[in-house]
Amino acid sequence: MAAEKRSIENPATPLTPTELLKWLEGYTSDAALGVSPAKALRVPAFAAAVEFYSSAAASLPLEVYRRASDGDIVQKSGRMVSLLQGQVNDDLSTFDWLECGIIDMLSRPRGRFLSYIERGDNGTPINIFPMLARHTMVSREHGRIVYDYSPDNRSQSKRYDQADVIDICWRSDDLNLTASTPYESLRMTIGLAVALRNYAASYFKNGGLPPMQLVGNFKTEGGMERAQADMSEAVRKVAETGSQVLPVPLQHELKELGYNPKDGLLIEAEKYCVIEIARGFRLPPVFLQDLTDATYTNTEQQDLHLVKHSLRPFLSKIEAELNLKLFPRRTLGRKTHYVRFNMDNILRGDFITRMKGHQHAVNAGVYSPDDAAETEGFPRAGGLASQRHIQGATRPIDQPFDPKQAVRSEPDNPEDQHDAE
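**Describing the overall build of the protein**
In step 1: Along the protein, the regular secondary structure elements total 13 helices and 17 strands.
In step 2: Relative to its 421 residues, the protein shows a buried fraction of 32%.
In step 3: Across the protein, contacts joining residues at least 24 apart in sequence account for 56% of those joining residues at least 6 apart.
In step 4: Accessible surface computed for the protein: about 27,400 Å², of which carbon and sulfur atoms make up 53%.

Here is the structure:
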């Protein structure tokens, strides 16, 4: 008889096919709580982090640009724009495609954001179809990665080439053969969070009364059972009526079992879980609604930290994969087309900051007034508004200043005319 194989990490767990399947679908924490993707998404902090990344990326416009031969960059229109800004196929919008793909990537073991690119006769993408990572086997043959996809895990799998599959990972290992996700790195913290919520729910189940022990001189087993029944009924009435009086038999004593939430540091432990989940997602805790140490100043700095060190690298990873798979590589020179998230949309709810930014851009000659109007969704005025302007005092550094060419402004107040002269 062959010896039974056991897990090195936990010798109590046999390595049978059933146990292996459980290991692939979910983990078991030290608290003996099965941690699955469904349970993980019921932890508010974990769900908030996943929803933040998925909704933030899906809500930002994906814009397509083309580099002209003279170096000018123009915004492109056409089939590719409709794919990345409207709908990736006849049944799925671009927003839902990005949101669902990122949720699958962040909240599951072996999570990846996978999609198949359907191309036309000339190789141009015409549709994008999502693929579930849990139904996809990733392997390498002859130096290239191939994807064997079985939509329902029962039908025969279909093989896709690496060039036709959009593959985005939170963190990849072995040159994209395996992927690591926040779900995997945070599974112990998730198990602790679930245990804390279960403990709190059980504690308050009986009106906040903890488990108790009745101590007394019980001479018979029947007397002990009657005393237990009487005390259970008394505790039930106290919980229902809200009375503050609990009758205790003479020469008997009630003792609390375990720890109450305050003595067990329940609140502190839940805060610890929030901070750990925020660290695993590279998010400032304030974005998981932890305002314990938040002030106006450090919240503003965390907002900048979010864009620079959390959201920008995540979006750059998506941009790099889309540029690699959607546009062909030229034999000479760089690619003429590329996609980029418009992160200006993050300030959509901050009207004053947007207007100040437009003002500085127009005054510096970066935008024309029409460019700023179009960014805000207003119609272009045309004429001089379509040209870039710059203040008259600004000149090339190698040219001397000519006072005759300087623009002189008239004073607003007629009484100041004498001072101006």
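**A look at the pattern of salt bridges**
In step 1: The full count for this structure, using the stated rule, is 13 salt bridges.
In step 2: With its nearest N and O atoms 2.9 Å apart, the salt bridge here joins Glu-376 to Arg-354. With Glu-376 in the loop between helix H12 (369–375) and helix H13 (417–420) and Arg-354 in helix H11 (residues 351–363), this residue pair connects regions lying 22 residues apart in the sequence. As far as the burial class goes, Glu-376 and Arg-354 line up, both buried.
In step 3: Between Glu-374 and Arg-380 there is a salt bridge whose closest N-O contact spans 2.9 Å.
In step 4: When salt bridges that share partners are traced, they join Asp-370, Asp-371, Glu-374 and Arg-380 into one network.

**Here we look at the sheet that holds strand E9 (residues 136–141)**
Across a sheet, strands are paired by hydrogen bonds formed along the backbone, either parallel or antiparallel in direction.
In step 1: In space, the three strands of this open sheet follow the order E9-E10-E11, with antiparallel pairing throughout. Each having just a single partner strand, E9 and strand E11 (158–161) make up the two edges of the open sheet. Ignoring strand direction, the axes of neighbouring strands in this sheet form an average angle of 30°.
In step 2: Sheet analysis places strand E10 (residues 144–149) next to E11, joined by four bridges and oriented antiparallel. Bridge pairing links Tyr-147 to Tyr-160 in E11.

**Quick word on the packing of aromatic side chains**
In step 1: Following the criterion strictly, the structure yields eleven aromatic pairs and no others.
In step 2: Taking 5.5 Å as the distance between ring centres and 20° as the angle between the ring planes, the aromatic pair formed by Tyr-65 and Tyr-338 counts as stacked. Remark: Tyr-338 occurs in strand E17 (residues 337–341) and Tyr-65 occurs in strand E3 (residues 62–67); sequence separation between them is 273 residues. The exposure classification of Tyr-65 matches that of Tyr-338, with both residues buried.
In step 3: Summarising the aromatic geometry, the rings of Trp-170 and Phe-281 are spaced 6.1 Å apart at their centres and angled 65° between planes, so their arrangement reads as edge-to-face.

**Re the sheet that holds strand E4 (residues 73–75)**
In step 1: One open sheet holds the three strands; their spatial order is E4-E3-E17, and the pairing between them is antiparallel. This sheet does not close on itself; its edge strands, each paired only once, are E4 and E17. Ignoring which end each strand starts from, the neighbouring axes of this sheet average 35° apart.
In step 2: Across three bridges, E3 lies against E4 in antiparallel orientation. When the sheet's bridge partners are listed, Arg-67 is paired in E4 with Ile-73.

**Comments concerning the environment of Leu-177**
In step 1: Tracing the chain through its elements places Leu-177 in the loop between strand E13 (171–173) and strand E14 (178–180).
In step 2: Judged by relative accessible area, which is 27%, Leu-177 ranks as partly exposed.
In step 3: Taking the C-alpha atoms as reference, Leu-177 lies 7.6 Å from Ile-145; in sequence the two are 32 residues apart.
In step 4: Setting aside residues up to four positions removed in sequence, Leu-177 forms contacts with Arg-112, Val-138, Ser-139, Arg-140 and Ile-145.

**Here's the deal with the confidence of the model for the protein**
Caution applies to low-pLDDT regions: their predicted coordinates should not be interpreted in detail.
In step 1: Looking at the protein as a whole, the pLDDT averages 78, with 75% of positions reaching at least 70.
In step 2: Here residues 1–10 scores under 50 on pLDDT; set against residues more than four positions off or in separate chains, the count is eleven contacts.
In step 3: Ignoring residues within four places in sequence, the model shows residues 416–421, a span with pLDDT below 50, making six contacts including any to other chains.

**So, the nonpolar core**
In step 1: The biggest cluster of nonpolar side chains holds 56 residues, and the ones touching the most others in it are Phe-46, Tyr-53 and Phe-281.
In step 2: Among the elements that make up this core, the one with the highest residue count is helix H3 (residues 44–59) (nine residues).
In step 3: Residues in contact with Phe-281, not counting those within four places in the same chain, are Phe-46, Ala-49, Val-50, Tyr-53, Leu-106, Trp-170, Pro-182 and Leu-186.
In step 4: Judged by nonpolar contacts, the second largest core, of nine residues, contains Met-131, Val-138, Tyr-147 and Tyr-160.

**Here's the deal with H3**
In step 1: Between its first and last C-alpha atoms H3 spans 21 Å; for 16 residues at 1.5 Å apiece the expected length is 22 Å, and the two agree.
In step 2: Within the sequence span of H3, burial applies to Ala-45, Phe-46, Ala-47, Ala-49, Val-50, Phe-52, Tyr-53, Ser-54, Ala-56, Ala-57 and Ala-58.

**So, unusual backbone geometry**
In step 1: Even without a glycine there, the phi angle at Arg-110 is positive, about 60°.
In step 2: The backbone of Arg-282 sits at a positive phi, close to 60°, despite the residue not being glycine.
In step 3: Topologically, Arg-282 is positioned in the loop between helix H9 (266–280) and helix H10 (296–326).
In step 4: Take Arg-282: its relative accessible area is 37%, and that puts it in the partly exposed class.

**Some details on the environment of Ile-277**
In step 1: Positionally, Ile-277 belongs in helix H9.
In step 2: The spatial distance from the C-alpha of Ile-277 to the C-alpha of Pro-182 is 8.4 Å, given a sequence separation of 95 residues.
In step 3: Discounting chain neighbours no more than four positions away, the residues touching Ile-277 are Val-43, Ala-45, Phe-46, Ala-49, Leu-186, Thr-189 and Leu-288.

**Brief notes about H11**
In an α-helix, one turn spans 3.6 residues; hence positions three or four apart end up facing the same way.
In step 1: Here H11 is 13 residues long and its end C-alpha atoms lie 18 Å apart, about the 18 Å a rise of 1.5 Å per residue gives.
In step 2: Arg-354, His-358, Ala-361 and Val-362 are the residues of H11 that are buried. Looking straight down H11, one finds that the buried residues subtend no more than 95° of arc, so they occupy a single side. Facing away from the buried side of H11, by more than 90 degrees, are the exposed residues Ile-352 and His-360.
In step 3: At its buried positions, H11 is contacted by H12.
In step 4: Positioned one or two residues after H11, Gly-365 has a phi angle of 80°, which is positive.

Criteria and thresholds
Residues numbered from 1 in each chain as written. Predicted model: local features only at pLDDT ≥ 70, side-chain atom pairs only at ≥ 80, totals over all residues. Heavy atoms only, no water. Helix = DSSP H or I, 4+ residues; strand = E, 2+ residues; numbered from the N terminus. Buried < 20%, exposed > 50% of the residue type's maximum accessible area, 1.4 Å probe, protein only. Contact = heavy atoms within 4.5 Å. Areas by Shrake-Rupley, 256 points an atom, 1.4 Å probe, with all protein chains shown as cover. Salt bridge = Lys/Arg side-chain N within 4 Å of Asp/Glu carboxyl O. Pairing = 2+ DSSP bridges. Axes fitted to C-alpha atoms, helices over the stretch in contact; angles between N-to-C directions. Phe/Tyr/Trp six-rings, centres within 6.5 Å; stacked < 30°, edge-to-face > 60°. pLDDT = per-residue confidence, 0-100. Core = buried A, V, L, I, M, F, W, Y, C linked by side-chain atoms within 4.5 Å. Expected span 1.5 Å × (residues − 1). Arc of directions from axis to C-beta.

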